[in-house]
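Each chain, letter by letter, is given below.
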Amino acid sequence: MTHIYNLQKKMLTRKNLLFLIKKYKTPIWIYNSEIIKKQIKKLKKFDIIRFAQKSCSNIHILKLMRKKNIKIDAVSLGEIERALLAGFKPKNNNIVFTSDIIENKVLKKVIKYKIPVNAGSIDMLKKIGKKSLKHPVWIRINPKFGDGHHIKTNTGGENSKHGIWNPKKALSVIKKYKLNLIGLHIHIGSGIKTKNLHKVCNAMKKYAIKLKTKIKFISAGGGISIPYKSKEKEINIKDYFSQWDKTKKKISSILNCSIQLEIEPGRFLTAQSGILIAKVYAIKKMGKNIFVLINSGFNDLIRPILYGSYHKITVFHKKKSKKKRKKIKTIFAEPLCESGDVFTIKKNEIIFHRKIPQVKLGDYIIIHDTGAYGSSMSSNYNSRPFIPEILYKKNNFVQIRRRQTIKEMLSLETLI
Ligand SMILES: *Cc1c(COP(=O)(O)O)cnc(C)c1O
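Quick caveat: nothing in here was measured; it's all calculated off a predicted structure.

**Considering the site of the ligand**
For step 1, the next point in the chain: As a structural note, the neighbourhood of the ligand is formed by 14 residues, with Lys-54, Ser-190, Gly-223, Glu-264 and Tyr-373 the closest of them.
For step 2, the next point in the chain: Backbone polar atom of Gly-223 to an oxygen atom of the ligand: 2.7 Å apart, as the coordinates give it.
For step 3, the next point in the chain: Between Tyr-373 and the ligand, the recorded distance is 2.6 Å, taken from a side-chain N or O atom to an oxygen atom.
For step 4, the next point in the chain: Relative to its free-state accessible area of 390 Å², the ligand is covered by the protein chains to the extent of 94%.
For step 5, the next point in the chain: Classifying every residue of the shell around the ligand by side-chain character gives three nonpolar, seven polar and four charged.

Set out below in structure tokens:
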């Protein structure tokens, strides 16, 4: 934790911040490649790390992953195209398509490139089976329980639409259509607690034994969280790995075949690398509340309003000051025409304040740990264009996505 904080501090010097703001204007996303590399290293004991690109899908981030020998997960045709564009070769199980449905245009693509499919429904297995003999497939198992930081990110149990409830039935479909089963996958949610880990490992073991079919891979899924709040602890990766490794070895000996252990993180690799910088445009006193209004809204970062997520906020004061600034209870709000457009919001939709050194007009706000499910969940709501993404590598800032223009945004509609 402290290590990552130091890397971020090294990047966010006064000089660098002034340079970035002048050159790219606000709001902007910045990613620190050093932090992504640091996170990758922490998982190096796993046989395969597969990046869940939905968390941060810029092709330059994907290229960075590829250069570090990371494989890739795609959940749509767009994500397959991104992976190909980033240079992933669709052999060696490099790209896996994970979904609960498969549309015709995706089916064509996965057949053309022989991309393995991690199937979350029996219907999609049938669809592939009818068109592509021996196609490599995984079964995504719903182990009948789930977990996650929010009900919306829980992907197991009977209230979740994800995965296959009856893997035995899936296996009979796989046999009927002569598909090639290569792996078993369980992902019970995003932001899972480690205390449930043994349950997941046991489920994997149970299903592997029940299916009694030789496989090449098991996947522990993603979902590893990061400490968003300073008092939160980082997950114990050593323990996480050892529980899964034991599970792998056990399955491997029972099925009498060698198995590779995959992990499929999104957030863990990118969340802490990213920040969002926005500018203060208004300070309003409403009764006893002080609202600081910035030029970025939930069109850019939707996590607070969608999940009640906490993101650390710091201030970059435009003017230097020798005196220590007074800390003031502040609510950070955004420009969109909706009262919920507030960054400091809790799960039950109640706004709350942060004690923050006094902010002045023209100062900048840095919203931390936004490298996952930040930019990739952005929208054009309120007709605000997508904002730039900048990658920090080797002491340099490289623009990896430019700002969308309003003309570009409107061009889809100028048909008649
Ligand atoms: C979202 C998702 C992940 C990644 O979740 P994180 O919490 O970002 O690690 C991994 N696998 C699947 C199938 C997912 O849907």
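Having seen it, we continue.
**With respect to a positive patch on the surface**
For step 1, the next point in the chain: Together, Lys-108, Lys-126, Lys-127, Lys-130, Lys-131, Lys-169 and Lys-176 make up a positively charged patch on the protein surface.
For step 2, the next point in the chain: Of all elements in the fold, only helix 7 (122-131) and helix 8 (167-176) reach the threshold of two or more residues within the positive patch.
For step 3, the next point in the chain: In terms of residues, the positive patch owes the most to one element, helix 7, which gives four residues.
For step 4, the next point in the chain: Mapped onto the elements, Lys-176 comes out in helix 8.
For step 5, the next point in the chain: A relative accessible area of 61% means that Lys-176 is categorised as exposed.

**Some thoughts on helix 9 (residues 197-211)**
For step 1, the next point in the chain: With 15 residues, helix 9 extends 21 Å from end C-alpha to end C-alpha; this agrees with the ideal 21 Å at 1.5 Å per step.
For step 2, the next point in the chain: Lining the buried residues of helix 9 we find strand 6 (136-140), helix 8, strand 7 (180-185), strand 8 (217-219) and helix 10 (237-255).
For step 3, the next point in the chain: The first or second residue beyond helix 9 is Lys-212, which carries a positive phi of 50 degrees.

**Details of empty space enclosed by the protein**
For step 1, the next point in the chain: Across all of its chains, the model carries one cavity of 30 Å³ or more by this definition.
For step 2, the next point in the chain: If you trace the largest cavity, you find it lined by Ile-186, His-187, Ile-188, Ile-192, Leu-197, Val-200, Ala-220, Gly-222, Tyr-240 and Trp-244.
For step 3, the next point in the chain: Among the residues forming the lining of the largest cavity, the class breakdown is eight nonpolar, two polar and no charged.

**Some thoughts on the pairing of strand 2 (residues 48-52)**
For step 1, the next point in the chain: Counting buried residues in strand 2 gives five out of five residues, a clear majority hidden from the surface.
For step 2, the next point in the chain: The alternating pattern of strand 2 places Ile-48, Arg-50 and Ala-52 on one face and Ile-49 and Phe-51 on the opposite face, and all of these are buried.
For step 3, the next point in the chain: In this structure, strand 2 lies alongside strand 9 (residues 260-263), joined through two bridges in parallel fashion. Bridged to Ile-48 within strand 9 is Glu-262.
For step 4, the next point in the chain: Where strand 2 meets strand 3 (residues 71-74), three bridges bridge the pair, whose relative direction is parallel. Looking across to strand 3, one finds that Arg-50 is bridged to Lys-71.
For step 5, the next point in the chain: Regarding the hand of the β-α-β motif, the stretch spanning strand 2, helix 4 (residues 59-67) and strand 3 is right-handed.

**Section: the packing of helix 7 against helix 8**
For step 1, the next point in the chain: For the pair helix 7 and helix 8, interaxial distance at closest approach is 10 Å and the crossing angle is 5 degrees. The pairing of helix 7 with helix 8 is recorded here as roughly parallel in orientation. Where helix 7 approaches helix 8, its residues Ile-122, Leu-125 and Lys-126 are matched on the opposing element by Lys-169, Ala-170, Val-173 and Ile-174.
For step 2, the next point in the chain: Of the residues contributing to the contact of helix 7 with helix 8, the split by class is five nonpolar, no polar and two charged.

**Comments concerning the sheet that holds strand 9**
For step 1, the next point in the chain: On the basis of which strands lie adjacent, the closed barrel formed by eight strands has the order 2-3-4-5-6-7-8-9 and parallel pairing. In this sheet, neighbouring strand axes are inclined to one another by 30 degrees on average, regardless of whether the strands run parallel or antiparallel.
For step 2, the next point in the chain: Two elements, strand 8 and strand 9, share three bridges in a ladder whose sense is parallel. Residue pairing in the sheet places Phe-217 in a bridge with Gln-260 of strand 9.
For step 3, the next point in the chain: Across the sheet, helix 5 (residues 77-85) touches strand 3 and strand 4 (95-99), and the angle it forms with strand 3 is around 155 degrees.
For step 4, the next point in the chain: Contacts between helix 8 and the sheet are confined to strand 6 and strand 7, with strand 6 contributing the most and set at about 165 degrees to the helix.

**A closer look at the environment of Met-377**
For step 1, the next point in the chain: Mapped onto the elements of the fold, Met-377 is located in the loop between strand 15 (364-368) and strand 16 (389-393).
For step 2, the next point in the chain: Taking the C-alpha atoms as reference points, Met-377 and Ser-321, 56 residues apart in sequence, are found 37 Å from one another.
For step 3, the next point in the chain: Apart from the residues within four sequence positions on either side, Met-377 is in contact with Ile-302, Leu-306 and Tyr-307.

**A look at the UniProt feature "binding site: substrate" (unreviewed entry) in the protein**
For step 1, the next point in the chain: Mapped onto this numbering, the UniProt entry gives "binding site: substrate" (unreviewed entry) at Arg-267, Arg-303, Tyr-307, Glu-338 and Tyr-373. A stretch of 107 residues holds the annotated residues, and the largest C-alpha distance among them is 27.7 Å, long enough that they do not meet in one place.
For step 2, the next point in the chain: Mapped onto the secondary structure, Arg-267 falls in helix 11 (residues 267-270).
For step 3, the next point in the chain: What makes Arg-267 buried here is its relative accessible area of 4%.
For step 4, the next point in the chain: There is a polar contact of 3.4 Å between the side chain of Arg-267 and the side chain of His-149.
For step 5, the next point in the chain: Along the chain, Glu-338 falls in the loop between strand 13 (327-333) and strand 14 (354-357).

Parameters and conventions
- Residues numbered from 1 in each chain as written.
- Predicted model: local features only at pLDDT ≥ 70, side-chain atom pairs only at ≥ 80, totals over all residues.
- Heavy atoms only, no water.
- Near = heavy atom within 4 Å.
- Polar contact = N/O pair within 3.5 Å; in protein donor to acceptor, adjacent residues only side chain to side chain.
- Areas by Shrake-Rupley, 256 points an atom, 1.4 Å probe, with all protein chains shown as cover.
- Nonpolar A, V, L, I, M, F, W, Y, C, P; charged D, E, K, R; others polar.
- Patch = residues over 30% accessible without salt bridge, like charges linked within 9 Å, V, L, I, M, F, W, Y side chains within 5 Å.
- Salt bridge = Lys/Arg side-chain N within 4 Å of Asp/Glu carboxyl O.
- Lys, Arg positive; Asp, Glu negative; His and termini not counted.
- Charge placed at Lys NZ, Arg CZ, Asp CG, Glu CD.
- Helix = DSSP H or I, 4+ residues; strand = E, 2+ residues; numbered from the N terminus.
- Buried < 20%, exposed > 50% of the residue type's maximum accessible area, 1.4 Å probe, protein only.
- Expected span 1.5 Å × (residues − 1).
- Contact = heavy atoms within 4.5 Å.
- 1 Å grid on protein atoms, 1.4 Å probe; cavity = no way out; pocket = protein on both sides within 12 Å on 5 of 7 lines; lining within 4 Å.
- Points joined across faces, edges and corners; volume = space filled by probe spheres on them.
- Pairing = 2+ DSSP bridges.
- Right-handed = clockwise from strand over helix to strand, strands pointing away.
- Axes fitted to C-alpha atoms, helices over the stretch in contact; angles between N-to-C directions.
- Parallel < 35°, antiparallel > 145°, perpendicular 65-115°, else oblique.
- UniProt positions renumbered as here; feature names shortened; annotations may be inferred.

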